[in-house]
Amino acid sequence: MRGRLHLLTVVAVLLASVVLPMSQAGAAATCNDRILFGSDRDGDFEVFSMNPDGSDVTQLTSNGARDVDPVCSPDGAWIAFTRGDFPTQEIWLMRPDGSQQKNLTKDPADDANPSWSPDGSQIVFASTRSGNRDIFVMDADGSDVFQVTTDPATDDSPDWGSNGRIVFVSFRDGDADLWLTYPDGTGSIQLDDSPGPDGAPRFSPDGQTIAFHSNRDGDLEIYLISNDGHHLRKLTDHPATDSFPAWAGDNAHLSFNSRRDGDFEVYVMDVAGAGQMNITANPAFDGVSDWGPLPCTIVGTRGPDELHGTPGDDVICGLG
């Protein structure tokens, strides 16, 4: 859990993580430490969740629309996802058991690739509503939409780090590279300038490292790079496609997609690239995943109304 959270919200999440109440459909009450993914195993793309070992696979959406790109909120209480087909996709919200689904964007443009702010109060996403594909931020209820990037080149695939920066993919130099900006649109800088296109950047929970995929070696592999553009590391090295990484809440593991078994599956590995394992093993397409944050433990407060939702004196995350 990251950012600043109201006390009641944190208490509710903690109780849910301890008791683990289940909905009538059997879905988890929170998405803490659950892997979310899109799959067409029911005939069209829907959102599913499962445990990190691939057990307890639960279907969360069921409709004729295409549901993909699920992301768990920092408190584990909500899932944002993309519904529909390009060029009229929308950002939707639902509970981790699939209930209370609602359209947040309701715009004729294409809205996709949501990511939560560290405190869960806002969502960053990519949209064509400016006439170009740019990065936008809105409140978690869909209000107060703000355009972050205004460059004429395509900006896409944003992710909001616990350090307050947004990483995204931009074609500003003619190739898909990683860029950083602040949520108000200031301080945009290019993070790397590789000869091959980069994509799907994701900040580590501590905000220090970015995982992404790149074909700079000739095929798509998973890489890590520090948030200052240094310390590049290659985690996968397989002739099949490895793509779309997502961090576990412990900062030490990642999920990713791979075609090394003949079709797209969800794999997990540790931060050194070891222990790569297929956890879906289904003949259907199992796509882009997100790994929900670990529940946290309250050990104190610094104020009458709120807690600091990052590891420290007030909240200990992922140690139990």
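One structure accompanies this document, and this report is about it. (Residues numbered from 1 in each chain as written. Predicted model: local features only at pLDDT ≥ 70, side-chain atom pairs only at ≥ 80, totals over all residues. Heavy atoms only, no water.)

Section: the overall build of the protein
Next up, step 1: Along the backbone of the protein there are 1 helix and 28 strands.
Next up, step 2: When contacts within the protein are restricted to residue pairs at least 6 apart in sequence, those whose partners lie at least 24 apart make up 37%. (Helix = DSSP H or I, 4+ residues; strand = E, 2+ residues; numbered from the N terminus. Contact = heavy atoms within 4.5 Å.)

Some words on the sheet that holds strand β19 (residues 221–226)
Next up, step 1: Here 4 strands make up an open sheet; going across it, the order is β17-β18-β19-β20 and the pairing antiparallel. Among the strands making up the open sheet, the edge pair consists of β17 (198–203) and β20 (233–234).
Next up, step 2: Examined bridge by bridge, strand β18 (residues 209–214) and β19 share 6 bridges and lie antiparallel to one another. Bridge pairing links I210 to I225 in β19. (Pairing = 2+ DSSP bridges.)

Focus on the state of the cysteines
Next up, step 1: In total, this model carries 1 disulfide according to the counting rule given.
Next up, step 2: For C31, the disulfide goes to C72, at an S-S distance of 2.0 Å. Taking the sign of the torsion about the S-S bond as the criterion, the disulfide between C31 and C72, at about 85°, is right-handed. Here C31, found in the loop between α1 (7–19) and β2 (35–39), pairs with C72, found in strand β5 (residues 67–72); they are 41 residues apart in sequence, far enough to count as distant. Comparing C31 with C72, the two get one shared label, buried. (Disulfide = S-S within 2.5 Å. Buried < 20%, exposed > 50% of the residue type's maximum accessible area, 1.4 Å probe, protein only.)

Let's talk about the pairing of strand β7 (residues 90–94)
Next up, step 1: By the criterion of burial, β7 is predominantly enclosed, with 5 of the 5 residues buried.
Next up, step 2: Both faces of β7 are covered, namely the face carrying E90, W92 and M94 and the face carrying I91 and L93.
Next up, step 3: As consecutive antiparallel partners, strand β6 (residues 79–83) and β7 are separated by 6 residues, and within that stretch G84 has a phi angle of approximately 110°, a positive value.

So, the sheet that holds strand β9 (residues 111–116)
Next up, step 1: One open sheet accounts for 4 strands, arranged β9-β10-β11-β12; its pairing is antiparallel. A single partner strand is all that each edge strand has here, and the edge strands are β9 and β12 (146–147).
Next up, step 2: Two elements, β9 and strand β10 (residues 122–127), share 4 bridges in a ladder whose sense is antiparallel. Residue pairing across strands places D111 opposite S127, the latter belonging to β10.

Here's the deal with the environment of D217
Next up, step 1: One can find D217 in the loop between β18 and β19.
Next up, step 2: Along the chain, D217 and K234 lie 17 residues apart, while their C-alpha atoms are 9.9 Å from each other.
Next up, step 3: If we skip the residues at most four places from it in the chain, D217 touches Y223, K234 and D237.

Some words on the pattern of salt bridges
Next up, step 1: Tallying each qualifying case throughout the model produces 14 salt bridges.
Next up, step 2: Across the salt bridge formed by D192 and R216, the nearest N and O atoms sit 2.8 Å from each other. Here the residue D192 occupies a position in the loop between β16 (189–190) and β17, and R216 occupies one in the loop between β18 and β19, the gap between them amounting to 24 residues.
Next up, step 3: Judged by its relative accessible area of 9%, D192 is buried.
Next up, step 4: Classification of R216 by relative accessible area gives partly exposed; the value is 24%.
Next up, step 5: As a salt-bridge pair, D198 and R216 come within 3.0 Å of each other at their nearest N and O atoms. Here R216 lies in the loop between β18 and β19 and D198 lies in strand β17, a separation of 18 residues in the sequence.
Next up, step 6: A residue is classified by how much of its surface remains accessible, and D198, at 4% relative accessible area, is buried.
Next up, step 7: Each of D107, D111 and R129 takes part in a single network of salt bridges with overlapping partners. (Salt bridge = Lys/Arg side-chain N within 4 Å of Asp/Glu carboxyl O.)

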